[in-house]
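# Chain and residue survey
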Amino acid sequence: MQEGFGIDLPLTATIVIGCIVVGYFILITGFGTYFSRFSRDINDFFFSGQRFAWWLAAASMVATGIGSYSYLKYSEQGFLTGTSSTMTYMNDWFIVPFFMFGWLPIIYFARVRSIPEYFERRFNRTARYIAVCIIMAYMFFYIGYNLFTIGVALQGMFGLPILYSVPVVAFFLGAYVTFGGQTAVIFTDLFQGVMLYIAGGLAIMAGIWALGGFSEWWAYLPESHRLPFVHLTDDPKFNTAGLFWGEALAGSIAFSFMNQGFIMRYLAIKSVHDGRKAALFNVIVTLPISAIIVGAVGWVAKSLVMKQAVEGGALEGINAVHIENTFHTFIVVTWETLHQNSILFGFVIAALTAALMSTIDTLINACAAIGIYDIYKPLIKPDADDKHYLKAARWASVIATVVGVLLVIWFAQQRGSLMQIHYKGIMVIIPSIVTTIFLGVFWKRFTAPAACISMLVGAVFTLITNWYPDWIDPLSRFVCGPDNDVYIYMRALFGMVVTGIFGVGISLFTQPRDAEEIAGLTVDTIDEGMAKYKGGKPNHTVGKKARHLPVAFDESLEHNVIRISPSTMETLKAEEGDLIYMADSRWYLGGLRSEHVKVAAPHDREDDAVLLSKATFEEAYLLDGKAVTLEKIF
Amino acid sequence: MTTKNLPTPRSVALGLAVTAVLLIYIYAYPRLIISWLGTENPWTSYLYLYGFGAGFFMMGIFIILRTGACQLDRGHDKLWFWVLMLGFIFFAVVHALWIVASLNIPYLGV
């Protein structure tokens with residue numbers, strides 16, 4: 001019998017659950033490794049060649065955005081405060097205009113490979129390496145944290161020591177990320193996202209069923225737990241004022257602007273237009289559903305406890321639910337409402353591990369990208385061939401995994417709750433770099449010295465408030481925030497204000513870069529970025545897709561150039577030299593077999609065939625006899 | 001040090017005026033809703049979030065239109081502009097209905 005999460009698992013149940021989890025690990029590793037065949041160079045390895053449909057990237061973000069800790073943390077929050085546990089997932093819309101029309105087109109058209117690379121191009125090399133330090137700290141912190149939390153979960157349920165279980169988990173993870181790259185990450189995350197929703201939905205439905213239906217669940221949920229927002233200031237760790245400044249602004253900007261893993265997902269999409277669709281889907285659909293999936297077991301738990309109190313004991317068909325430690329809410333309630341069924345419970349636990357794998361694989365791939373594009377290539381080996389960099393990228397993935405595992409040793413030695421360690425770390429790291437990116441994108445007069453100094457000063461001041469939280473008092477009072485010296489979220493506002501004041505002040509007295517040098521890197525020069533990306537004047541006339549076109553070879557054509565019929569040109573509203581996205585017509589491939597090409601003068605054949613060279617055909621991973629669909633980018 | 005990046009007096013005046021308006025808004029707005037509804041009212045949190053959120057959101061809309069990042073007569077930009085506006089309304093309405101449902105459906109617990 002193992003006692004760790006408030007449930008008593010019989011040995012047979014432990015074995016069944018363990019087998020399901022290990023089987024899942026092997027399945028997902030094999031699935032991810034299969035996609036290594038689609039990584040021929042480092043562009044494929046990290047960005048999948050900017051080829052995917054929006055829905056594939058958006059669906060794969062489901063799993064990336066839910067960490068292994070999410071189920072445990074948000075179910076606990078849901079039990080304590082109710083449906084307001086959704087607040088952190090449903091307050092992102094305020095920054096969407098800045099992302100959709102600012103940051104996304106800038107990094108896409110500038111072909112920025114990493115966030116630090118943007119810092120060098122927008123400011124200077126010093127800014128780049130300050131950013132490398134901060135972003136790597138952020139990502140390694142997350143890798144170590146996620147590995148540690150799954151270690152805690154496995155220890156709680158199976159009694160496996162963290163220092164043994166984590167390396168095993170990391171081995172499976174590292175295997176498919178190392179060989180498969182971004183394509184493997186996207187496809188395994190797509191699969192795991194489905195798993196997460198099914199398992200989370202199963203846990204919720206079992207709870208609703210145990211309660212006697214949806215209306216019973218709502219009727220027994222106290223009013224305080226039904227409301228979508230918590231009190232403005234009461235709870236020092238979860239209050240509306242703090243959540244707005246620290247989470248809706250700083251957190252959402254960090255999530256969208258500086259999370260290299262998410263940025264790479266957007267850069268894997270076929271166009272900015274599709275990137276906007278993915279962002280829209282993510283904020284309107286994915287995040288709210290994810291908020292329900294990870295938090296609703298806590299809401300169910302609260303109703304269960306209240307209904308038990310009214311009826312004077314256990315509800316019909318299940319054991320009485322007692323939650324002595326709120327951190328155990330998800331495990332305890334799921335185990336009981338699933339009638340202690342080992343197979344179904346094992347499936348849910350496999351989803352917990354899916355949450356871990358899908359978050360960390362993205363982070364490992366992102367760390368490796370920064371390792372290659374910001375450290376290895378510019379500083380160690382600038383002129384190697386692509387094959388060499390692909391090999392180096394795989395080693396970088398291995399190193400990122402190993403560093404993450406080593407950090408678990410450090411996490412295991414920390415005192416205090418995991419929540420405190422997590423938020424203290426993140427809210428110190430985020431503010432200065434988020435503010436610098438924001439000023440860099442939306443204020444063209446922001447200078448390189450100002451960026452470097454304000455990033456450092458902002459980070460140091462924010463760090464110091466861990467020991468002097470009263471520095472935050474005036475600011476928190478000014479915005480009617482909490483006044484309690486805890487300031488988990490208000491610390492981020494403090495850091496942003498300090499960074500902003502230094503950034504603006506220093507900019508006024510330092511030399512900005514020439515406008516030509518930063519063309520395409522600020523919000524007012526996106527048109528120039530677009531023209532550079534295309535290599536000509538963009539054609540914004542909106543056309544239609546040309547579907548199911550046959551392919552024919554014409555070796556006289558240059559690489560990545562196609563010729564199409566005049567009628568297809570008219571359908572697309574395309575002109576000679578326009579950028580076209582060519583993909584296998586089977587929509588469910590999501591762009592796995594596709595390529596960006598330029599269109600030459602129309603051919604004069606009688607059919608609507610797409611003419612292209614064999615090399616272009618192979619680079620797009622197209623298959624003989626399969627039709628293609630064309631879409632004009634601009 | 002160079003003075004090449006110093007703004008013109010007109011820009012300074014404009015910048016100071018905008019900053020002053022923002023600071024007054026940030027200081028006065030939450031005090032206004034608290035004095036009107038009190039801190040315990042669930043609509044206070046709603047108005048805090050969407051009051052400040054709307055300010056930040058509209059600042060974003062202003063910037064992307066002003067800088068030409070979003071041009072309503074270009075490609076799909078007009079569509080995306082309306083998506084942005086409707087998205088904001090969508091979240092504001094969903095949260096408002098959520099509060100109404102929370103307050104008006106009877107609670108059966110003890």
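If you're wondering where the values come from, they're calculated on a predicted model, not measured in any experiment. Note on numbering: residues in each chain are counted from 1, in written sequence order. Chain A is the first chain written and ligand 1 is the first ligand written, with later ones labelled in order. Where local features are concerned, this predicted model is filtered to residues with pLDDT of at least 70; where side-chain atom pairs are given and counted, the filter is 80 or more; whole-chain, interface and lining totals use all residues.

A word on the interface of chain B and chain A. Two residues qualify as a contact pair if the distance between their C-beta atoms, derived from the backbone, is within 7 Å. Taken residue by residue, the interface counts 49 residues in chain B and 53 residues in chain A. Only DSSP runs of H or I with at least four residues qualify as helices, and only runs of E with at least two residues qualify as strands; both kinds are numbered from the N terminus onward. Secondary-structure elements contributing two or more residues to the side of chain B that touches chain A are α1 (9-37), α2 (42-66) and α3 (77-104) of chain B. Considering each element in turn, the side of chain B that touches chain A owes the most residues, 14 residues, to α2(B). When residues are grouped by polarity, Ala, Val, Leu, Ile, Met, Phe, Trp, Tyr, Cys and Pro land in nonpolar, Asp, Glu, Lys and Arg in charged, and all others, Gly among them, in polar. Class assignment of the residues belonging to the side of chain B that touches chain A gives a composition of 31 nonpolar, 15 polar and three charged.

So, about the packing of α2(B) against α3(B). All names here are of chain B. As a rule, the C-alpha atoms of each element are fitted with a line to give its axis, helices using only the stretch in contact, and angles between N-to-C directions run from 0 to 180 degrees. Closest axis-to-axis distance for the α2/α3 pair is 11 Å, and the angle between their directions is 180°. Looking at the two axes, α2 sits roughly antiparallel to α3. Seen from α2, the contacting residues are Pro-42, Trp-43, Tyr-46, Tyr-50, Phe-57 and Ile-61; seen from α3, they are Leu-84, Phe-88, Ala-92, His-95, Ala-96 and Ile-99. Residues that form the contact of α2 with α3 fall into these classes: 11 nonpolar, one polar and no charged. Working definition: roughly parallel below 35 degrees, roughly antiparallel above 145 degrees, roughly perpendicular at 65 to 115 degrees, and oblique for all remaining angles.

Looking now at the packing of helix α11 (residues 240-258) of chain A against α2(B). Where α11(A) contacts α2(B), the axes come no closer than 9 Å and their chain directions differ by 30°. On the basis of their axis angle, the class for α11(A) and α2(B) is roughly parallel. By crossing handedness, the relation of α11(A) to α2(B) is classed as right-handed. Every residue of α2(B) that contacts α11(A) at Thr240(A), Ala241(A), Phe244(A), Ala248(A) and Leu249(A) is listed here: Ser45(B), Tyr48(B), Leu49(B), Phe52(B), Gly53(B) and Phe56(B). Classifying every residue of the contact of α11(A) with α2(B) gives eight nonpolar, three polar and no charged. If you view the pair so one helix is near and one far, a crossing is left-handed when the near helix is turned anticlockwise from the far one by less than a right angle, and right-handed when it is turned clockwise.

What follows covers the sheet that holds strand β6 (residues 579-584) of chain A. The pairing criterion for strands is at least two bridges between them, as found by DSSP. An order of β3-β9-β6-β7-β5 (chain A) is seen for the five strands of this open sheet, with the pairing classed as mixed. Among the strands making up the open sheet, the edge pair consists of β3 (546-549) and β5 (561-562) of chain A.

Residue and element names in this part refer to chain A. Here two bridges tie β5 to strand β7 (residues 594-599), and the two strands are oriented parallel to one another. Bridge pairing in β7 links Val-561 to Lys-598. With five bridges connecting them, β6 and β7 associate as antiparallel partners. Of the residues in β7, the one forming a bridge with Met-582 is Glu-595.

Right, let's talk about helix α18 (residues 448-464) of chain A for a bit. How far a helix is expected to stretch is found by multiplying one less than its residue total by 1.5 Å. Across its 17 residues, α18(A) extends 24 Å between first and last C-alpha, which sits within 8% of the 24 Å expected from 1.5 Å per residue. For α18(A), the full list of buried residues reads Ala448(A), Ala450(A), Ala451(A), Cys452(A), Ile453(A), Ser454(A), Met455(A), Gly458(A), Ala459(A) and Thr462(A). Remark: C-beta atoms are placed from the backbone, and a residue is labelled buried if 20 or more other C-beta atoms sit within 10 Å of its own, exposed if 12 or fewer do, or partly exposed between those counts.

Along the chain, Trp80(B) turns up in helix α3. When the C-alpha positions of Trp80(B) and Cys70(B) are compared, they lie 8.7 Å apart, and in sequence the two are 10 residues distant. For Trp80(B), the contacting residues outside a window of four places in its chain are Met100(A) and Arg276(A).

Residues and elements named next belong to chain B. Per-residue confidence from the predictor is reported as pLDDT, a score between 0 and 100. Residues with a pLDDT of 70 or more make up 95% of chain B, whose mean pLDDT is 90. Mean pLDDT values for the elements of chain B range from 92 in α1 up to 95 in α2. In the model output, the complex is listed with pTM 0.87 alongside ipTM 0.92.

This part is about α11(A). Within an α-helix, residues lying three or four positions from one another point in the same direction, as the helix has 3.6 residues per turn. At Glu247(A), α11(A) shows its strongest bend, of approximately 30°. Burial within α11(A) is extensive, with 19 of its 19 residues counted as buried. The bend reported for a residue corresponds to the angle between axes fitted to the seven residues ending at that residue and the seven starting there.

This part covers the nonpolar core. All names here are of chain A. Counting 249 residues, the largest nonpolar core has Ala-57, Ile-135, Leu-196, Val-300, Val-434 and Val-610 as its most contacted members. Looking at which element gives the most residues to this core, the answer is helix α15 (residues 342-380), with 22 residues. Those residues in contact with Leu-196, other than ones at most four positions away along the chain, are Val-62, Ala-63, Ile-66, Ile-293, Ala-351, Ala-354 and Ala-355. The nonpolar core criterion groups buried Ala, Val, Leu, Ile, Met, Phe, Trp, Tyr and Cys residues into a set whenever they are joined through C-beta atoms within 7 Å.

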